[in-house]
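# Summary of the model geometry
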Amino acid sequence: MRDHSEPASRVWTGHATNRVQWLLSVAGAACLGLGIELAVASAWTADRAPLLMAVIGCVLVGLLMLYGTLAFVHVSVKVDDHSFEVRCGYIGLPRRRILLDHVVGADFDPAVTPRQWGGWGYRWRPEKGTAVVVRRGEGLVLTLGDGRSFTVTVDDAEAAVRIIRDRLRLSPG
C-alpha cells in the first residue's frame with residue numbers, strides 16, 4: 001500500500017523535440033500539394049481511374065505523412081502526485097496517462113534510439129513493451145505492475161526518474 005500522508009509534491013514537466021522530422025512534414029505537404037495539383041490541372045476525360053488513384057494516393061500519403069510527423073515531432077511529459085502523462089505532438093494526441101499506483105519501477109536509459117523500437121512514434125514491441133520515441137537520446141523506462149514497460153524519450157529524464165522513485169515509496173508492512 002502506498003503512503004499518501006506526505007504533503008503534496010511539485011509537478012515535473014519535460015519535453016523532447018526532433019527537428020529532423022520537420023523535413024518529413026515538408027515532404028508530406030509536397031505530396032499533398034501534388035495530389036491537389038493533379039486534381040485541379042488534369043483533364044478528366046477518358047480513363048479516369050488511374051488519375052483518380054494518383055490523386056487519392058498523393059492526398060492520402062501527404063495527409064498521413066503530415067499527421068505522422070507533426071504528431072511525433074514533439075512530446076510533453078508531466079509527473080504529478082498521482083500520474084504520469086505523455087502527450088504527443090503540439091495538439092497533445094495521442095496521449096497516455098498512467099496512474100503511479102500502477103508503476104512499480106522507474107529507470108533512466110541514457111541511449112534510447114528509434115532503431116531499438118522500429119522507428120519514431122508511438123511503438124509497441126511484444127518483447128520490450130510500449131514506447132514514445134521522438135528522438136534518440138535519454139529517456140525513462142517505467143515498469144508497470146502487469147510486467148509491461150513504457151519508455152519515453154524526454155530531456156532531463158534522470159530528474160523524472162528521481163521524482164517518480166520518490167513518489168513510489170511504499171509504506172511499512
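To be clear, the structure that these remarks concern was listed above.
Quick caveat: nothing in here was measured; it's all calculated off a predicted structure.

### Considering the state of the cysteines
Applying the stated rule across the entire model yields 0 disulfides. In this structure Cys58 is not part of a disulfide, and its nearest cysteine sulfur, from Cys31, lies 4.5 Å away.

### A look at the pattern of salt bridges
Applying the stated rule across the entire model yields 8 salt bridges. Overlapping salt bridges bring together Glu85, Arg87 and Arg95 as one network.

### Quick word on the sheet that holds strand E6 (residues 121-125)
On the basis of which strands lie adjacent, the open sheet formed by 5 strands has the order E5-E8-E9-E7-E6 and mixed pairing. If you trace the sheet from one side to the other, it starts and ends with strand E5 (103-112) and E6, each paired once. Across the sheet, the axes of successive neighbouring strands diverge by a mean angle of 20°, strand direction being ignored. Relative to strand E9 (residues 149-153), strand E8 (residues 137-144) runs antiparallel, the two being bridged by 5 bridges. For Val141, the partnering residue across the bridge sits in E9 and is Thr151. In the packing of helix H4 (residues 157-167) onto the sheet, the strands contacted are E5 and E8, and the crossing angle to E5 comes to about 170°.

### What about the packing of aromatic side chains?
Taken as a whole and judged by the stated rule, the model has 1 aromatic pair. Taking 6.1 Å as the distance between ring centres and 75° as the angle between the ring planes, the aromatic pair formed by Phe84 and Phe150 counts as edge-to-face. Here Phe84, found in strand E3 (residues 83-88), pairs with Phe150, found in strand E9; they are 66 residues apart in sequence, far enough to count as distant. For the pair Phe84 and Phe150, one class covers both residues: buried. Directly above the aromatic system of Trp117 lies the positively charged group of Lys128, at a separation of 5.1 Å from the ring centroid.

### Comments concerning the sheet that holds strand E4 (residues 95-99)
The 4 strands are arranged E1-E2-E3-E4 in an open sheet whose pairing can be described as antiparallel. Two strands close off the open sheet at either side, each with one partner strand: strand E1 (12-17) and E4. Taken pair by pair, the neighbouring strands of this sheet meet at an average axis angle of 10°, ignoring direction. Where E3 meets E4, 5 bridges bridge the pair, whose relative direction is antiparallel. Among the inter-strand pairings, Ser83 is bridged to a residue of E4, identified as Leu99.

### Examining the side chain of Arg167
With respect to the secondary-structure elements, Arg167 resides in helix H4. Of the polar contacts made by the side chain of Arg167, one reaches the backbone oxygen of Asp80; its length is 2.9 Å.

Here is what the cut-offs are and how they apply
- Residues numbered from 1 in each chain as written.
- Predicted model: local features only at pLDDT ≥ 70, side-chain atom pairs only at ≥ 80, totals over all residues.
- Heavy atoms only, no water.
- Disulfide = S-S within 2.5 Å.
- Salt bridge = Lys/Arg side-chain N within 4 Å of Asp/Glu carboxyl O.
- Pairing = 2+ DSSP bridges.
- Helix = DSSP H or I, 4+ residues; strand = E, 2+ residues; numbered from the N terminus.
- Axes fitted to C-alpha atoms, helices over the stretch in contact; angles between N-to-C directions.
- Contact = heavy atoms within 4.5 Å.
- Phe/Tyr/Trp six-rings, centres within 6.5 Å; stacked < 30°, edge-to-face > 60°.
- Buried < 20%, exposed > 50% of the residue type's maximum accessible area, 1.4 Å probe, protein only.
- Lys NZ or Arg CZ within 6 Å of the ring centre and 35° of its normal.
- Polar contact = N/O pair within 3.5 Å; in protein donor to acceptor, adjacent residues only side chain to side chain.

Keep in mind these numbers describe shape, not what the thing actually does.
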